[in-house]
Every structure is written in structure tokens, then in C-alpha cells.
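Here is what each chain is made of, one letter per residue.
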Amino acid sequence: MNADSLSQLKGIFQDILKETGTELSLTPFGGNETAFSLPYRGEEAKVYIRGKGEETENKIKLVRYLVSGSGKEERAAEDSLKNILLGEGGEWEAFRYMTKNNLADGKCFAADVVPDRRGDEAFKQIERCIEGKGDHAVRMDKSRIAIVKFSSGEESPVEFAQFIFQSLYEELGIRASVGVGCEVNSFSEIASSYTQAVTAVKLSEIFHSKGEVHSYREYLLVTMLEDLPEARIKDYMAQFRISNAAEVFSDPDLVTTAEQFLENDLNISETSRALFLHRNTLMYRLDKIKRITGLDLKDFSDAVTFRVISILYKLLKL
């Protein structure tokens, strides 16, 4: 067995000791030990374990399982990371991946990047962006690239996502939708963050969200309502007693105006500027929404109600 494999095994032994209390070595301990053969990367290593007897034999079985992954051939690093992000590998595969890649566990989050073209070039650019930082990227399929980012405290998840978007656009002219999941405390939980990142991109497409970077936090209300049965959503819509809401949501100008007004914190001047609308035109559209729905979007409470209704309406149309 070559020196690299032996060095990796020693690292794995240290992690097994930390996690299970089982002492392993490639050299004899000098007494009260059991020698056994351990398959690793297509070769056999002679390994020593503290103890003797039936309990020790059971520990050997556990060690073989941990090192070999239940007898399966070790996945390539790319496949292993994909498996972890999809939530199919379990905590042990995450543990093995960290050990093999010398990763220090800690707070991290996942991003989902969907470039509009030239996926291979986009992936290489992303790799250059995270090179040397201990972060990892992987092609999930032809259209999606996943990034695992360990938190440094220097930038927020959204700031990192904006950096990735800007890099792709400025260096390659590639536009991308970038979803960001919530920060988790350990790499073993990264699958949940990746699921959130993918969900953020999906919901941004459904709700026609502005911009290219989308945080899962933006859609917490949507995901809460999305879990409701269709019958319950219809019931909630009925309780709002706004039977003619469709008149607003079928009018692109009114929908765009309302969404931009909400995104700009109910600020008339900022919304006028963003939409290139005269202030009077904006006020006319807001008044029209009020006439149709009875909701004054300039009032915070009514604005929140309108936001909930718009989500329920879109969910019923999916």
C-alpha cells in the first residue's frame, strides 16, 4: 500500500478513535491486541486493534464497515459529494468525505447555481473562485452546479452568492440564478441547506422574483403555505373574502407594481424610480388595486395581507 493511502488510513483511524473510542494502528501496540486485514482502496492493510475476544471481533466488523462503506467501492469524490448533498449518504459518508479531504467541520451552507449557458466553463470559473478556501463545487447535472461554502465570518451567504454571480457575469458573460440555503452547524447537515438552495431557485422562477440571487429565507412564508393541502389553501382564500383578486393578478402591470412596491418597503419614490414610472401613475395603480381588493398597499397590514393572498393565488395556479 502506497504512502498516500497509509497516511489517509491513519487519519481515518484518528477519526474513528474520536467517534467510537476504538484504538487502531498500522503497527503493533505491544500486547493485548488483535491483528486483522483491512481492505482499503483496492488493497489490503494489516491493522492492529486494542483488545481480544468477541467484543473486539465485533469492533473489527464495525471498522471494516466504516472504512469500506459496507463493502462497496469507495465513490469518487464528486459522486460522494453529490450523494451527500442529495441526502442519500448519511452522516457516515459525510464523515468519510471530510476525513478524506482534510476538512475541518464547522458552520457551512450550500448554494445552487444554474448558469444560462456554457456549464463547463461556469464550473471551472466557480472552482477558481473557491480555490484554496477549503470549499467545494460539484456538477449535479448538466444544468446545476452545487457549492459547499464553509463560513468564515467575512461575508454572508447572500454576499458570497452575489460574488459568484458577478464573477460568472464579468469574467465569462454568463448569467446565472443562484440559490442560497440557510447556514447549518455541521457538514453532516449540508443536505438540508442544499435542498433549501434548490428550492429558492425553483420558487424564484415560479414567483418571477427580481434579481439573480435568491435566499431561502425570502421564501419561508411561501414554503410554509406550500405545504398546505389545496383544499385548505382555497379555504384561506375564501376567508379573505376578495372574490375578484384574479382581476389584479391577471394584470401584469398591477402585479409588477404591487411586487415592486412591496420589495421597496412601501416606498413611493423608490418604486417609481425602479419602475421608471411617474409618481402619479404609480399612485393610480395602487388606488386601482385598492378599489378592486379593498386593500391599501400603503398600509403595512394590508400590504402583508396582499402578499399572503398573492402567494396563495399563485400556489393554486401551479
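Residues numbered from 1 in each chain as written. Predicted model: local features only at pLDDT ≥ 70, side-chain atom pairs only at ≥ 80, totals over all residues. Heavy atoms only, no water.

Trainee: Explain the confidence of the model for the chain to me, and be specific about the residues and the numbers.
Mentor: Scored by pLDDT, the chain has a mean of 85; 95% of the residues are at 70 or more. Element-level mean pLDDT values for the chain span from 73 in helix H8 (residues 220-226) up to 94 in strand E4 (residues 108-115). For the stretch residues 70-75, pLDDT sits under 50, and the model shows nine contacts to residues farther than four places along the chain or on other chains. (pLDDT = per-residue confidence, 0-100. Helix = DSSP H or I, 4+ residues; strand = E, 2+ residues; numbered from the N terminus. Contact = heavy atoms within 4.5 Å.)

Trainee: Tell me about the side chain of Arg285, and please be specific about residues and values.
Mentor: Within the secondary structure, Arg285 is located in helix H13 (residues 279-293). Of the side chains bearing the opposite charge, Asp253 lies closest to the buried Arg285, which forms no salt bridge; the N-O distance is 4.0 Å. Within the structure, Arg285 has its side chain in polar contact with the side chain of Thr257 (distance 2.9 Å). Other than its neighbours up to four places away in sequence, Arg285 contacts Asp253, Leu254, Thr257 and Leu277. (Buried < 20%, exposed > 50% of the residue type's maximum accessible area, 1.4 Å probe, protein only. Lys, Arg positive; Asp, Glu negative; His and termini not counted. Salt bridge = Lys/Arg side-chain N within 4 Å of Asp/Glu carboxyl O. Polar contact = N/O pair within 3.5 Å; in protein donor to acceptor, adjacent residues only side chain to side chain.)

Trainee: Before we move on, could you go through helix H3 (residues 77-85) and cite the residues and values that matter?
Mentor: For H3, the complete set of buried residues consists of Ser80, Leu81, Asn83, Ile84 and Leu85. Buried positions along H3 lie against helix H4 (90-100), strand E5 (136-139), strand E6 (145-150) and helix H7 (190-206). Where H3 ends, the next residue or the one after it, Gly87, has phi of about 75 degrees, a positive value.

Trainee: A description of the pattern of salt bridges should follow, citing residues and the corresponding values.
Mentor: Tallied over the full model, the rule gives twelve salt bridges. In this structure, Glu23 engages Arg50 in a salt bridge whose closest nitrogen and oxygen atoms are separated by 3.5 Å. Within this pair, whereas Glu23 is found in the loop between helix H1 (3-20) and strand E1 (24-25), its partner Arg50 is found in strand E3 (residues 43-50), the two being separated by 27 residues in sequence. On the accessibility criterion, Arg50 (36% relative accessible area) is partly exposed. In this structure, Arg117 and Asp116 form a salt bridge, with 3.8 Å as the shortest nitrogen-oxygen distance. Take Arg117: its relative accessible area is 39%, and that puts it in the partly exposed class. Linked by salt bridges that have partners in common, Asp287, Lys290, Asp296 and Lys298 make up one network.

Trainee: Pulling in residues and values, what's your account of the state of the cysteines?
Mentor: The final tally for this structure, using the stated rule, is zero disulfides. Free cysteine: Cys108, not disulfide-bonded; nearest cysteine sulfur from Cys182 at 12 Å. For Cys108, a relative accessible area of 0% puts it in the buried group. The thiol sulfur of Cys129 is not disulfide-bonded, and the nearest other cysteine sulfur, from Cys108, lies at 19 Å. For Cys129, a relative accessible area of 10% corresponds to the buried category. (Disulfide = S-S within 2.5 Å.)

Trainee: Please give an account of helix H14 (residues 300-317) that cites residues and values.
Mentor: Relative to the 26 Å expected for 18 residues at 1.5 Å per residue, H14 spans 26 Å between its end C-alpha atoms, a close match to the ideal helical length. Structurally, the start of H14 carries an N-cap: the backbone nitrogen of Ser301 is 3.2 Å from a side-chain oxygen of Asp299. (Expected span 1.5 Å × (residues − 1).)

Trainee: Run through the side chain of Thr199, naming residues and quoting values.
Mentor: Looking at where Thr199 falls in the secondary structure, it is placed in helix H7. When residues no more than four places from it in sequence are discounted, the contact partners of Thr199 are Tyr216 and Thr223.

Trainee: So what's going on with the environment of Ala110? Residues and values would help.
Mentor: Tracing the backbone shows Ala110 in strand E4. Along the sequence, Ala110 and Ala161 sit 51 residues apart, while their C-alpha atoms lie 9.8 Å from each other.

Trainee: Describe the packing of aromatic side chains, listing the residues and the values that go with them.
Mentor: In total, this model carries six aromatic pairs according to the counting rule given. With 6.2 Å between their ring centres and 25 degrees between their planes, Phe150 and Phe187 make a pair best called stacked. Here the residue Phe150 occupies a position in strand E6, and Phe187 occupies one in the loop between strand E7 (176-180) and H7, the gap between them amounting to 37 residues. Note on Phe150: relative accessible area 13%, which makes it buried. Feature note: the residues Tyr97, Phe150 and Phe187 constitute an aromatic cluster, connected by ring pairs. The lysine or arginine in question, Lys149, covers the ring of Phe160, its NZ or CZ lying 5.5 Å from the ring centre. (Phe/Tyr/Trp six-rings, centres within 6.5 Å; stacked < 30°, edge-to-face > 60°. Lys NZ or Arg CZ within 6 Å of the ring centre and 35° of its normal.)

Trainee: Could you give me a rundown of the packing of helix H11 (residues 252-263) against H13, with the residues and numbers involved?
Mentor: Between H11 and H13, whose axes approach to 10 Å, the crossing angle comes to 105 degrees. Between H11 and H13, the angle falls in the class roughly perpendicular. Along its contact with H11, which presents Asp253, Leu254, Thr257, Ala258 and Phe261, the element H13 presents Leu282, Arg285, Leu286, Lys288, Ile289 and Ile292. By residue class, the composition of the contact of H11 with H13 is seven nonpolar, one polar and three charged. (Axes fitted to C-alpha atoms, helices over the stretch in contact; angles between N-to-C directions. Parallel < 35°, antiparallel > 145°, perpendicular 65-115°, else oblique. Nonpolar A, V, L, I, M, F, W, Y, C, P; charged D, E, K, R; others polar.)

Trainee: Lay out the packing of helix H9 (residues 230-240) against H14 with the relevant residues and their values.
Mentor: Following both chains from N to C, one finds H9 and H14 inclined at 140 degrees, their axes separated by 10 Å at the closest point. The orientation of H9 relative to H14 falls into the category oblique. As H9 runs across H14, the sense of the crossing is left-handed. Here Glu230, Ile233, Lys234, Tyr236, Met237 and Phe240 of H9 come into contact with H14, specifically with Thr305, Val308, Ile309, Leu312, Tyr313, Leu315 and Leu316. In terms of residue class, the contact of H9 with H14 is built from ten nonpolar, one polar and two charged. (Left-handed = near helix turned anticlockwise from the far one by under 90°.)

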